[in-house]
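# Architecture at a glance
Residue strings, one per chain:
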Amino acid sequence: MASILRTGKLLRYFAGFTRNVVVSSVRENETSNLLQSAPCMCGHFQNGFATNAAAKTELSLDKQIRRLDQDVRRMGRISRRDLEEVLDEIRTQRTATSSQSLMVIRCCGNLVPEELPEVRTAMVQEIWKTLNALNVPMDISHYNALLRVYLENEHSFAPTEFLAEIEAKGIEPNRVTYQRLIARYCQQGDIDGATRILEFMRAKSLPVNENVFNSLILGHSQANDLESAKGILGVMKQAGLEPSPDTYTTLLCAFARHGDIAAVKETLAECEQKEIILLDKDVLDVIYTLTVHGNGEHVDELLTKLRLSPGFNQDAVNVILRLVNKGHEDVGLKLLRVMPRTSRVNGEPVDVGAFFIRQLVKANRPVEKILSICKTLQAEGLNPKALTIATEAGLTNGVVNNALPLLQEMKNAGLPIRQHYFWPLICSVGSNQVLDIVRRMQQEFAVFPNSETIRDYVIPNLKEKNWERIVTSLRDAGVPNSTAVTSAVYSALATHQIADAAKIMEQNRAYYLPFLFRQPLILALSHTNDYSSFIRCVRQIHEGLQFRQGKEEEVEQGGEAAAEKTTPDVVGAIVQEASTYFRRDRVATLEKILKGLVKQGLSISSQKATQLSEQLGGELTPRISELLGKLSSGELQPVPLPSTGKRSLDSLSIDELERFIVNVEAKGDNANNIKRQLLNACFRSQSIEKTLQVIGKLESEKYQIPLGIHAQLIDLYTHHKRSSEALEAYGKLKAKDASFKLDNLKAVRLADLLLQEERVEEAYKVLEDNKKDAPMSEAEGSFNYVTTVWRSLNALAESGQPDKLRKLFDTLVAANYIVPTNVLLGPLIKVHLVKDDIPSAIQAFEEICEKHKSTPWKNELACRLIQKEDAVNLQKVTDLSTGIHGEVNSLYDLVFSFVECGRVRQARKILETPGLRTRPQRISSACDRYKNEGLLQPLEGLIEATKDLGHIDRNKIYYTLLLSYDKADEAEKALGLWTKMQEEAVTPNDAFLLKLAELLKRKNIQVPFVIPETQQGNVKSNKKPKKDKSATEPVKLESVKVAAKEKPPKTVEPAPKPAPKAPSHTAGFRKALLANDPDAAIAHKQSFAAGERVGVVDTSRLIELLVRADRLSEATKYVEELLAEKLHPQPKIFKFYLNKIAASGDLETLQKIGKQLNEEQKRLVSFDNRYCHANIVAGKADQFLKQLTTEIEAAKTPAEAAKLADKFPRGGAVGILDKHPELVPQYQTLAEKYAAQNQLGPMNVLWMHLISSGQEAASKQIWDKHLSNAPRLMFQRVLQTAREQQDEKLATSVIAQLRDSKISEGAIGNAYSCLIDIQTNKGNHDKAMDVLGNAVKDVSLENINRTALLRLKQAVEEKSQKFPYTIPEKRTKAEGSSSSSSSSSSSDDDVSPSIPETVPPKPQPQTQTTVKV
């Protein structure tokens, strides 16, 4: 009664200012305050942020705030992770706007229902603390938002202290502040406190709305005075306010709090009578209040009051999450059952309750309860995957106590337990528990951790620094030794501890998967420059491969092995990747790596050596060429590794195994296993003679040779291109066992060899005899096998033989040798494009699309059609692709084809297609591909094609192009990108600016912007009108449809024209260069303003123009300017300049320049050769030889001598001997001094001079004394002389001396090719055939020059005679690049080239050709 009177007293407060009442419902306030705090961007994004987890980290703060707003609108809740990401972004940017901070504060209440109230309160306090620390401007709205969060989280705070804090900061509380302070007092049941606040409001004449009355209802309820609570309704009416649905909901919750179900029903009936409509959300609030206050048994009576109107499910989810947090999951399950279920397309209901299960796990509810609910959901068909979802949640949250029992339940249910299930647990437990998880994986779940688990999760979480202890502890935990060792090595490399990795590898023999270890090994080298450890690691990777192959061969039984016995070129692959990675210091790095490999006796394939030579291009030095020759010669043998105890059989050599067999049999023991290893060793050596010798000996000893050995023998013959012997061995094998079949790899290799030799019927018989009943297994489908098949198909494609190619392909498919893939189908298209037969290519492409659902060579075909302006067929290719890859992917492929062909306008037209969905990953992948392949033009085209297209992230394209310019050392172009971005209003991100600043600093160019430390704001600039490059494009392919209507032309407001600006001298300088006007260029350069400068490219062009005009002194001035800045002209122009200086005999200038170049730079431009040539021109050859003699005499160590030999001007020395024969004795003395130091290059030059000048006896004497045992020789110049003079005697002399040397077959083949050419040109065809007959006794036919063979064949057939040899297929390998006996490199011989090294640019025609399609 007293409380009612107290409430009556309040009436005078309300009656006096009824006119000030604000009539607005609380639900309107709740939504409007939140949703209007930031503009909604829902319509601007096709994919919601909430579903695009990968993009979250890249979102700006503004976009993240908008995403929160969107989630609230859509679901009425957000996740804790979303809030934490926003807080991290605020801390990163160290700022936030007032509206952004308001939104973040507001989101920490009931909008995060999955978290406990105390967790949400801690979050808002952390946010509040951060905002204050960053001095973010906050007003009363922020304090009101904080008050609301405190109320929703039922956080305990003192309202008077809160009010005092606000006023102390000079912030004026408003009516919302007082309303929420009243609500806080009422939450505590403190009506007196609420009264005091009301007095404040009356004193300030602040209006009151129903929120105050609702709070008073709550307050009386908390004070256990339900009569007074209900009496508030009458007070409201006296104050002129009608109770709203929210008021009745508050009253219902008051009754529910006390379990007065009768009053609840009575009030609900009153609402129905007065037509006050309660929403489902209101009823759910009552249910929640009933449940959490221990009155859950009455819930069923309220479930019937739910209308299940649209939006019910999201409201129900929010309540269920809160119920689980309070421990009332049974009521949550009842609500879940009520929620309407949607259906799939096939009519089946969609699974529900995943959120419920995850929340049970997250709230750490008892495992028994979780399992019980999972079984209920499965039994009732609500969610058949309930147990899996619960387990996943337990693992994701890292709750070991829940996760492992759930996993055990999965195992008991027969569900598979996989490796990655344990990764989150390993990451979440303490370092002392990691190995316990590993043990339980194996003992309780029979899951044995693989290398990925150990290296990526276990080792990093052990927090152990000692690698030996890591390996030991892993072994103790049951991890196999090989897995423990390889994982430890990988982790050491990943953390750049390359020396530790090498030590582990040497102490533990294992198989190190080459492609997995290649990249971390190279990255570790780049961080440490520890070449010694790098080489040790490479050696162990190589040894590991040998170790693995030995193990594979041991387990082979009588049948033929499926695994390939030849060793993949892992060393060559590592070197090639290193060459790609170390682009900036590639030459120096490669030289160190190659030297280390030679020292270890490792080898690479000729193919890799050729690829490396081609990759290096102009950077290829004589030293690298020499090292590649040694590595690919096949003559190197790995140096013995330090003994680590007992050696395994597969590590023994053939001789050691033979001695071992003798010793074992002498003791009377069985040596069959060792004999098997002996055969394996023979095959590994790839020596036919030794293998046949051992097989014959074993057969004579009655040793039963397994059939698999005969199959390996066939493969060995095939490897050596001895097809007849291979077929003979094949026949013997079939005679022994007619049902025996070669594995796919061996059968295809043999058939390929027979096809190369035009033995077609025999080739197809081999394939038919060995066809399989089912498609190839995964093991036989290895990369090596697929590559072998592809090479066979590709050879026919390149030779333009479609019929033969089709027959071979169909045979391979029919006999189950291959499963058609894009790679293997490619030659079927290529064979037509090689012949430029577009109709046939289109027909083949269409057949493949229809039959195999693949699109091989689509890009190449599209590019060819674009170049030919064939719009009809291009449309056809696009349509076919659309049927397989979908419309969007096909259109993006077409965009990239247009860009690669330079057709930017057409590419842009596709990207502007209305409704074309953005595929950021496609653009990103294309950018990365262009960057890796060093293609600048397509990247530049993409920049133009995507201009002003707001839905495409152009920052990625700009950044990738910047990285490409960085690799190409194009600093000026990189700086131009920054300017272009300003023109196009594209804001460069921090990564872009930092990378550009690094490049400019490296090139000594002033950085024109502030180098960012934190993210900077947008830089806006007026766009400058730019001429569309596509306006002059000759091709119109507008008729190519893009499966959508054209976009209507946009109306663009003309930008205000900037004030005219005088052209800079930099622009004038470049314009003068383009006009080939050096005088004008110099005039502009001399007028540069402070800070105005040009790059190396432009200065090099000026130097070139001056050299062509024979103005060498002026050119020298600009060369010296560059050298003073630690730069140098472009290599080709620098060489051209040095040639001219050398040809003028200007020794003084060369000496001055030489002092400013390091040894590597000198080698790149063949400086020593040019300096030698200058001495010859200046008439100082004698003094130059004396200088060289003094230098070699001063060399005290082999290393010093080797360094002098590296820089010895071999090409220049040839010039001295040719022009000054009188200096031959002096030169011979010099060469003898070099030879005494084991450096034979100078002596090799003397030998070439003597034999070329007809002094055969003297050359033979030098040959016998110094060169006969040399592994590498220069003699190409001699052969060139013989060809020019048609001197068969000279060529014969060279052959005679080379035949008994140690140089490669390829080198000897070159000499024979020269003699064959000479005889053929003289018309001596019979003599040429005799030479060829002698040649094939010394070298294989593949090592004879193919052109020489073709000429001879033509000459012989013109005489109606038969040419008895099959000319090998054309090889793409660069001539001499892997030979052990090439001539001195171009840099050595290139003293005074007859062809200029730079070519003046031709004026580009301005005509336009338009072809209508």
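To keep things clear, this report deals only with the structure shown in the data block. (Residues numbered from 1 in each chain as written. Predicted model: local features only at pLDDT ≥ 70, side-chain atom pairs only at ≥ 80, totals over all residues. Heavy atoms only, no water.)

A separate point is the overall build of the protein chain. Tallying secondary structure elements over the protein chain gives 74 helices and zero strands in all. A buried classification covers 50% of the 1413 residues belonging to the protein chain. Taking all contacts inside the protein chain whose residues are at least 6 apart in sequence as the whole, residues at least 24 apart take part in 70%. Summing over all exposed atoms, the protein chain offers an accessible surface of approximately 66,700 Å²; the carbon and sulfur share of this is 50%. (Helix = DSSP H or I, 4+ residues; strand = E, 2+ residues; numbered from the N terminus. Buried < 20%, exposed > 50% of the residue type's maximum accessible area, 1.4 Å probe, protein only. Contact = heavy atoms within 4.5 Å. Areas by Shrake-Rupley, 256 points an atom, 1.4 Å probe, with all protein chains shown as cover.)

What follows is about the environment of Gln-1239. Here Gln-1239 shows up in the loop between α66 (1224-1236) and α67 (1241-1252). Beyond its immediate sequence surroundings of up to four residues, Gln-1239 is in contact with Ala-1201, Ala-1202, Ala-1205 and Tyr-1234.

Turning next to the pattern of salt bridges. Charged atoms that come close allow side chains of opposite charge to pair. Taken as a whole, this structure holds 64 salt bridges when the rule is applied. Put simply, Glu-266 and Lys-230 hold a salt bridge, and the shortest N to O gap is 3.5 Å. A residue pair is termed long-range when its members are at least 10 positions apart, and Glu-266 in helix α14 (residues 261-273) and Lys-230 in helix α12 (residues 226-238) qualify at 36 residues. Judged by its relative accessible area of 48%, Glu-266 is partly exposed. Classification of Lys-230 as partly exposed rests on a relative accessible area of 32%. With a shortest N-O distance of 2.6 Å, Asp-966 and Arg-1002 are connected by a salt bridge. Remark: Arg-1002 occurs in helix α54 (residues 990-1002) and Asp-966 occurs in helix α52 (residues 954-967); sequence separation between them is 36 residues. Take Asp-966: its relative accessible area is 6%, and that puts it in the buried class. (Salt bridge = Lys/Arg side-chain N within 4 Å of Asp/Glu carboxyl O.)

Moving on: helix α22 (residues 400-412). The end-to-end C-alpha distance of α22, which contains 13 residues, comes to 18 Å, matching closely the 18 Å that a straight helix rising 1.5 Å per residue would cover. Within α22 the residues assigned to the buried category are Asn-402, Ala-403, Leu-404, Leu-406, Leu-407 and Met-410. Next to the buried residues of α22 lie α19 (354-362), α20 (367-379), α21 (386-397), α23 (423-428) and α24 (434-445). Immediately beyond the C-terminal end of α22, within one or two residues, lies Gly-414, with a positive phi of roughly 80 degrees. (Expected span 1.5 Å × (residues − 1).)

Core analysis: the largest hydrophobic core is formed by 191 residues, its most contacted members being Phe-422, Phe-534 and Leu-597. If we ignore the near neighbours within four places in the chain, the residues touching Phe-422 are Leu-404, Leu-407, Ile-417, Ile-437, Met-441, Phe-445 and Val-447. If you look at the next biggest cluster of nonpolar residues, it comprises 117 residues, including Leu-679, Phe-683, Leu-865 and Met-981. (Core = buried A, V, L, I, M, F, W, Y, C linked by side-chain atoms within 4.5 Å.)

If you walk through the whole model with that rule in mind, you get 15 aromatic pairs. When the ring of Trp-423 is compared with that of Tyr-457, the centres are 4.4 Å apart and the planes differ by 15 degrees; the resulting orientation is stacked. Of this pair, Trp-423 sits in helix α23 while Tyr-457 sits in helix α25 (residues 451-462), and the two are 34 residues apart along the sequence. With a centroid separation of 5.5 Å and 85 degrees between ring planes, the pair formed by Tyr-512 and Phe-517 is classed as edge-to-face. (Phe/Tyr/Trp six-rings, centres within 6.5 Å; stacked < 30°, edge-to-face > 60°.)

Moving on, we get to the packing of helix α11 (residues 210-222) against α12. For the pair α11 and α12, interaxial distance at closest approach is 7 Å and the crossing angle is 165 degrees. With respect to α12, the element α11 is oriented roughly antiparallel. Between α11 and α12 lies a crossing of right-handed hand. Contacts between α11 and α12 involve Glu-210, Phe-213, Leu-216, Ile-217, His-220 and Ser-221 from the former and Leu-226, Ser-228, Ala-229, Ile-232, Val-235 and Met-236 from the latter. (Axes fitted to C-alpha atoms, helices over the stretch in contact; angles between N-to-C directions. Parallel < 35°, antiparallel > 145°, perpendicular 65-115°, else oblique. Left-handed = near helix turned anticlockwise from the far one by under 90°.)

Moving on, we get to empty space enclosed by the protein. Counting across every chain of the model gives three cavities of 30 Å³ or more. Approximately 70 Å³ is the volume attributed to the largest cavity. Surrounding the largest cavity, Lys-858, Ala-862, Leu-874, Val-877, Thr-878, Ser-881, Ser-890, Asp-893, Leu-894 and Ser-897 form its lining. Of all the elements in the fold, those that place two or more residues in the lining of the largest cavity are α46 (858-867), α47 (871-885) and α48 (887-900). Looking at side-chain class alone, the lining of the largest cavity contains four nonpolar, four polar and two charged residues. (1 Å grid on protein atoms, 1.4 Å probe; cavity = no way out; pocket = protein on both sides within 12 Å on 5 of 7 lines; lining within 4 Å. Points joined across faces, edges and corners; volume = space filled by probe spheres on them. Nonpolar A, V, L, I, M, F, W, Y, C, P; charged D, E, K, R; others polar.)

All right, on to the environment of Asn-325 then. By the element assignment, Asn-325 lies in helix α17 (residues 312-325). Using a relative accessible area of 17% as the deciding quantity, one classes Asn-325 as buried. As a C-alpha pair, Asn-325 and Leu-116 span 209 residues in sequence and 6.2 Å in three-dimensional space. Ignoring anything within four residues of it in the chain, the contact list for Asn-325 reads Pro-113, Glu-114, Glu-115, Leu-116, Gln-359 and Ala-363. Of note is the side chain of Asn-325, whose polar atom sits 3.3 Å from the backbone oxygen of Glu-115. (Polar contact = N/O pair within 3.5 Å; in protein donor to acceptor, adjacent residues only side chain to side chain.)

With that settled, the discussion passes to the packing of helix α13 (residues 245-257) against helix α15 (residues 280-292). Taken N-terminus to C-terminus, the directions of α13 and α15 make an angle of 20 degrees; their axes are 8 Å apart at the nearest point. Between α13 and α15, the crossing angle belongs to the class labelled roughly parallel. Of the two possible hands of crossing, α13 and α15 adopt the one that is right-handed. Across from Pro-245, Asp-246, Thr-249, Leu-252, Cys-253, Ala-256 and Arg-257 in α13, the residues of α15 making contact are Asp-282, Asp-285, Val-286, Thr-289 and Leu-290. Among the residues making up the contact of α13 with α15, the classes are represented as six nonpolar, two polar and four charged.

It is worth spelling out unusual backbone geometry at this point. Non-glycine residue Leu-308 carries a positive phi angle of around 55 degrees. With respect to the element layout, Leu-308 can be found in the loop between α16 (299-303) and α17. Unlike most non-glycine residues, Asn-364 shows phi in positive territory, near 60 degrees. Examined against the element boundaries, Asn-364 turns out to sit in the loop between α19 and α20.

This paragraph deals with helix α68 (residues 1256-1267). The end-to-end C-alpha separation of α68 is 14 Å, well short of the 16 Å expected for twelve residues at 1.5 Å each. Restricting attention to buried positions, one finds in α68 the residues Ser-1259, Ile-1262, Trp-1263, His-1266 and Leu-1267. The buried residues of α68 all sit within an arc of 105 degrees when viewed along its axis, so they share a single face. Away from its buried face by more than 90 degrees, α68 exposes Ala-1257, Gln-1261 and Lys-1265. On its buried side, α68 packs onto α66, α67 and α70 (1288-1299). (Arc of directions from axis to C-beta.)

Turning next to the environment of Asn-383. Tracing the sequence through the fold places Asn-383 in the loop between α20 and α21. Judged by relative accessible area, which is 2%, Asn-383 ranks as buried. Remark: the alpha-carbon pair of Asn-383 and Val-352, spanning 31 residues in sequence, is separated by 5.8 Å. Discounting chain neighbours no more than four positions away, the residues touching Asn-383 are Asp-351, Val-352, Gly-353, Ala-354, Leu-377, Gln-378 and Ile-389. Looking at Asn-383, its side chain comes within polar contact range of the main-chain nitrogen of Lys-385, at 3.1 Å.

A few words now on the side chain of Arg-180. Counting through the fold element by element, Arg-180 comes out in helix α9 (residues 175-187). Glu-152 provides the closest opposite charge to the buried, salt-bridge-free Arg-180, at an N-O distance of 7.6 Å. (Lys, Arg positive; Asp, Glu negative; His and termini not counted.)

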